[in-house]
Amino acid sequence: MVPLLRASRVGLWSIWLSGFLLIVLSFYSIQRLPPVIDQKTKSTLSQKGFRHVGNPKITIFSAPSPFMGSVAAKQSLAIRSWLALSSQITVVLFSQHSSVFSFAEAFGSRVLVEPNIDFTFLGTPFFHSMMSRAYSFRSDISVVVHSEALLFPDFISTLNDAYELENDWLLVALLRNVSHFPFYLDEDGKHWRRENGKMIRSQELQEFILGQNWQQIPCEERKLMAWNSGDLPLHSGVLPPFLYGRGVHDNWVINEASSSAFRFVFDASLTISSFYLNDREDKSYGAIGDSNALTYENRSWEYVGNSKLGMLYGSLFYQNAKYSELVKLLKCDGQHFFFDTRKNTFHPFRHQSAPILGKGRSFRSWRRKKKKSDCLDSLKPLKKMLNCSLMNPMRLPESMDFQFSLESLLPMMADRNKTIVLAVAGYSYKDMLMSWVCRLRHLQMPNFIVSALDEETYLFSILQGLPVFRDVLAPNEISFNNCHFGTKCFQSVTKVKSRMVLKILKLGYNVILSDVDVYWFKNPLPFLYSYGPAVLMAQSDEYKETGPINLPRRLNSGFYFAFSDGSTIAAMEKVVKHAANSGLSEQPSFYDTLCGENGSTRLGDNKCLEPESNLTVYFLDRNLFPNGAYQGLWKMKNVTAACAKMGCFVLHNNWISGRQKKLERQVFSGLWEYDMGTRMCRKSWH
């Protein structure tokens, strides 16, 4: 019995010891295995801990001028200098110009061209649209820089160190300028060489950069901005529609980012030795989309327009923004340090935390006298340059003569068939005007111009980059909410349209007159051209689904196409004269003149003939060009699908009284192309 008990005890001890050894072995094995992370933890670590592993992916955004002349060489050298820094760099160029696409082809997927942002009719991109597109790219670090700025290895080392900060940040740096840079990149883009072809060492290149006598004007120089792809926005405000390279767009962002305090904002001008070649004769500070517009580039249109915007949006910046108050990133003895200019203290660069995370928080200071003295010496030359409070608020030029006339816009904007799309708009319809413009841009129909009925619409259109001219003969008093069908305001405004169409026809251009409440599904021009000259094609306003569509007073003057020929011009002269002597709107004058009173010159169910000019008036098929009452299209659950089934070219948002009701109907139907919050055309990537 006793031996049996002893054997049992030995067996139990053996089992216990074996289990213990298995547990120890399991712990050891677990330690040797890679960690298993749940999705939530993985997501968190990917933003904080894991993002420090490897080199960050960097996307550099820029808006180049067309690659022509001396500008082409400078931009090519600059962009190649970016790509030479790291294989992790991708470049995105905002442009619609063919030369930019041709340049990018040589670099494959490393250089992309993005044409789908908002541009002015001269081809200058909107900065707020550029930034919106930049936010949509997946990248560890995003950079916006001028297309002629050369970048060097200290740019990458600075971004790599900044990337190791846990907290979200915005880095800014002033770009210096030089009159001559005696080096070039070899064909493989890896080595800098002297003009004689001899390779230059990195040390020599750095000595050249540091030895330059930089020429800078406080707050007027170009700037580089970079930020990490964190969870927090750069700022709380909505970016105004600044034109890129025209005015205070970068200063506005920096000031708003600093004021919003979402991110740590710091100045790396002393650690990033970026510069551009300064050519005072070179006027290409922005992009031009078409060579036809080159003769207008040096005019003050965009500069004055953006200066007005600077006056409206920039006053806060000039009161509060001081670069001298931003934390400076310095490099001493090969290490980065932050210098707080307000407190005159140094702070060690920490990989796990950023300085000044919010109001009332700060670093423990670092005060070794020798290093402090050396670093402060490097800051002295830039102190004045970095203080934007020294600048006076932006002043408008004495001359305000920046208008484009109708005569100057027509050859710039008309298509190859000399056809122009004309919109006539007042300020109450400014948002509907922009939705109309966005739709035509989406259809790749840039051949439109805007006739502004008032000064407010004119200035608004300038700031939105539209090809606009001021109609000085337009009525002065236009009601904001009471200018709908039947009002005296409506009557006076409509008579402007036929008069302007006649003027354009006499200048030799075909015209589509389109009210801004007409939604375009597809380009109707190929269809309209098929009718040939001496035919005016107009929308029918008949609401009955059966019967003639050319009944009295059923010609809609809100959408029609007129050829520039003798018959059409003669007939339009009669319409304008009749409308001038009428107490009604221009629409009855169209019908009574072209179809005769009570339709005396009607031909069949869809035509009229004006006998004196021999002009045929064709009432367009309502399935293709429906008015606002036809088949109750606006009341349907899916207006787009219903119109697609019918083959609609356009749909008129008429037969409804009141601007607000019309606006709501179009927005709720989904036939709306303009984001009133961001002031941008809606696109698939927004």
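The residue numbers shown here count from 1 along each chain, following its written sequence. Side-chain atom pairs in this predicted model are given and counted only at pLDDT of 80 or more, local residue features only at pLDDT of at least 70, and totals for whole chains, interfaces and linings cover all residues. Hydrogens are left out, water is left out, and the side-chain values use all remaining heavy atoms of the structure.

1. Points about the sheet that holds strand 24 (residues 615–619)
Pairing between the strands of a sheet comes from backbone hydrogen bonds, and it takes one of two forms, parallel or antiparallel. Let me state the cut-off plainly: Two strands are said to pair when DSSP picks up at least two bridges between them. Where helices and strands are cited, they refer to DSSP runs of H or I of at least four residues and of E of at least two residues respectively, numbered from the N terminus. Throughout, a contact is declared for two residues whenever any of their heavy atoms are within 4.5 Å. To obtain an axis, a line is fitted to C-alpha atoms, over the contacting stretch when the element is a helix, and the angle between two such axes runs from 0 to 180 degrees between their N-to-C directions.
Ordered in space as 17-16-15-18-21-20-24-23-22, the 9 strands form an open sheet in which the pairing is mixed. Strand pairing shows two members of the sheet lacking a second neighbour, strand 17 (468–470) and strand 22 (602–603), which therefore form its edges. When strand 20 (residues 535–540) meets strand 24, the two strands line up parallel, connected through 4 bridges. Counted as the bridge partner of Met537 is Tyr618 from strand 24. On top of the sheet, helix 12 (residues 406–413) reaches strand 15 (419–425), strand 16 (448–452) and strand 17; it is set at about 160° to strand 16, its chief contact. Contacts from helix 18 (residues 586–594) reach strand 21 (555–562), strand 22, strand 23 (607–610) and strand 24, with the element oriented near 65° to strand 21.

2. Some details on the state of the cysteines
Which entries qualify depends on this criterion: The disulfide definition used here is simple: a pair of cysteine sulfur atoms within 2.5 Å. Exposed residues in this analysis have more than 50% of their type's maximum accessible area, buried residues have under 20%, and partly exposed residues fall in between, with area computed by a 1.4 Å probe over protein chains only.
Within the structure shown, the criterion is met by 2 disulfides. Through a disulfide, Cys438 is tied to Cys681; the S-S separation comes to 2.0 Å. On the sign convention where negative means left-handed, the S-S torsion of about -80° between Cys438 and Cys681 marks this disulfide as left-handed. Of this pair, Cys438 sits in helix 13 (residues 430–442) while Cys681 sits in strand 27 (residues 680–681), and the two are 243 residues apart along the sequence. Through a disulfide, Cys595 is tied to Cys608; the S-S separation comes to 2.0 Å. In this structure the cystine formed by Cys595 and Cys608 twists about its S-S bond by roughly 100°; its chirality is therefore right-handed. Taken together, the residues span a long stretch of sequence, with Cys595 in the loop between helix 18 and strand 22 and Cys608 in strand 23 at a distance of 13 residues. One exposure class covers both Cys595 and Cys608, and it is buried.

3. Thoughts on the pattern of salt bridges
Where charged atoms from two side chains of opposite charge approach closely, those side chains can pair. To keep it simple, the criterion reads: Throughout this description, the term salt bridge denotes a Lys or Arg side-chain nitrogen within 4 Å of a carboxyl oxygen of Asp or Glu.
A complete count under the given rule lists 15 salt bridges for this structure. Note that Arg133 is salt-bridged to Glu114, the shortest N-O span being 3.0 Å. A residue pair is termed long-range when its members are at least 10 positions apart, and Arg133 in helix 5 (residues 127–136) and Glu114 in strand 3 (residues 111–114) qualify at 19 residues. For the pair Arg133 and Glu114, one class covers both residues: buried.

4. As for unusual backbone geometry
Unlike most non-glycine residues, Gln444 shows phi in positive territory, near 60°. Along the chain, the position of Gln444 falls in the loop between helix 13 and strand 16. On the basis of relative accessibility, which here comes to 72%, the residue Gln444 falls in the exposed class.

5. Focus on the packing of helix 17 (residues 566–580) against helix 18
Note the threshold: Orientation labels follow simple angle bins: below 35 degrees gives roughly parallel, above 145 gives roughly antiparallel, 65 to 115 gives roughly perpendicular, and whatever is left gives oblique. In this scheme, a crossing is called left-handed if the near helix is turned counterclockwise away from the far one by less than a right angle; it is called right-handed if the turn is clockwise.
At a minimum axis distance of 9 Å, the contact between helix 17 and helix 18 shows a crossing angle of 130°. Judged by the angle between their axes, helix 17 and helix 18 are oblique. In this structure, helix 17 meets helix 18 at a crossing whose hand is right-handed. Note on element contacts: helix 18 touches helix 17 through Glu586, Ser589, Phe590, Asp592, Thr593 and Leu594, opposite Ala571, Met572, Lys574, Val575, His578 and Ala579.

6. Quick look at the pairing of strand 2 (residues 89–94)
As a reminder of what qualifies: With its strands directed away from the observer, a crossover is right-handed exactly when the path from the first strand over the helix to the second travels clockwise.
With 5 of its 6 residues buried, strand 2 lies for the most part within the structure. Judged from the 5 bridges that link them, strand 1 (residues 58–62) and strand 2 form a sheet pairing that is parallel. Looking at the pairing, Ser62 lines up with Leu93 of strand 2. Since strand 1 and strand 2 lie parallel, the crossover through helix 3 (residues 69–83) that links them has a hand, and here it is right-handed.

7. A word on the confidence of the model for the protein chain
The condition is simple: For every residue, the pLDDT score states the predictor's confidence, bounded by 0 at the bottom and 100 at the top.
On average, residues of the protein chain score 79 in pLDDT, and 70% of them are at 70 or above. Note on residues 388–401: pLDDT is under 50 here. Beyond four places in sequence and across chains, it has 27 contacts.

8. Considering helix 8 (residues 249–260)
Let me state the cut-off plainly: One fewer than the residue count of a helix, multiplied by 1.5 Å, yields its expected span.
The terminal C-alpha atoms of helix 8, which comprises 12 residues, lie 16 Å apart, in line with the 16 Å expected from a rise of 1.5 Å per residue. In terms of burial, helix 8 is a largely internal element, 10 of the 12 residues being buried. Taken residue by residue, helix 8 has His249, Asp250, Asn251, Trp252, Val253, Ile254, Asn255, Glu256, Ala257 and Ser260 as its buried positions. Looking at the residues trailing helix 8, positive phi occurs at Ala261, about 60°.

9. A short note on a nonpolar patch on the surface
Rules: Like charges are joined within 9 Å and nonpolar side chains (Val, Leu, Ile, Met, Phe, Trp, Tyr) within 5 Å, but only among residues with over 30% relative accessible area and no salt bridge; these make up the patches. Accessible areas in this description were obtained via Shrake-Rupley with a 1.4 Å probe; residue shielding takes into account the shown protein chains only.
A grouping of Val667, Phe668 and Met676 is seen on the molecular surface, where their side chains present a nonpolar patch of about 310 Å² in accessible area. Along the polypeptide, Val667 turns up in helix 20 (residues 659–669). Residue classification places Val667 among the partly exposed residues on the basis of a relative accessible area of 31%.

10. Focus on the environment of Thr457
Looking at the element boundaries, Thr457 is found in helix 14 (residues 455–463). Overall, the relative accessible area of 0% leaves Thr457 in the buried class. Each C-alpha atom of the pair Thr457 and Phe469 lies 9.9 Å from the other, and the pair is 12 residues apart in sequence. Once you skip the residues sitting within four places of it in the chain, Thr457 turns out to touch Ala425, Gly426, Tyr427 and Ala452.

11. Notes on the packing of aromatic side chains
Short version of the rule: Planes of paired rings set the category: under 30 degrees apart is stacked, over 60 is edge-to-face and the rest tilted, where pairs are Phe, Tyr or Trp rings (Trp by its six-membered ring) whose centres lie within 6.5 Å. Only Lys NZ and Arg CZ are tested; either one counts as a charge over a ring when it is within 6 Å of the ring centre and within 35 degrees of the ring normal.
Throughout the structure, instances matching the rule amount to 32 aromatic pairs. The ring centre of Tyr276 lies 4.3 Å from the NZ or CZ of Arg222, which sits over that ring. Its end group placed over the ring of Tyr427, Lys430 keeps NZ or CZ at 4.6 Å from the ring centre.

12. Observations regarding the side chain of Asn556
Counted only if it meets this: By the criterion applied in these results, polar contacts are pairs of N or O atoms within 3.5 Å in which, for protein atoms, one can donate a hydrogen and the other can accept it, and in which residues neighboring in sequence qualify only through two side-chain atoms.
Locating Asn556 in the fold gives a position in strand 21. Given a relative accessible area of 3%, Asn556 falls into the buried group. One polar contact links the side chain of Asn556 to the main-chain amide nitrogen of Gly558, over a distance of 2.6 Å. When neighbours within four sequence positions are excluded, Asn556 is seen to be in contact with Ala538, Gln539, Asp541, Gln587, His652 and Asn654.

13. Quick look at the environment of Lys574
Tracing the backbone shows Lys574 in helix 17. Along the chain, Lys574 and Leu594 lie 20 residues apart, while their C-alpha atoms are 8.6 Å from each other. Aside from chain neighbours lying at most four places away, what touches Lys574 is Thr593, Glu610 and Glu612. Within polar-contact distance, the side chain of Lys574 engages the side chain of Glu612 at 3.2 Å.

14. Concerning helix 20
How we decide: This arc corresponds to the set of directions leading from the helix axis out to the C-beta atoms.
What helix 20 keeps buried is the set Arg659, Lys662, Leu663, Arg665, Gln666 and Ser669. Along helix 20, the residues classed as buried sweep out an arc of 165° about the axis, all on the same side. Projecting away from the buried face of helix 20 at angles above 90 degrees are the exposed residues Lys661 and Phe668. In this structure, the buried side of helix 20 is in contact with helix 13, strand 19 (518–520) and helix 19 (639–646). Once helix 20 ends, the next one or two residues include Gly670, with phi positive near 90°.

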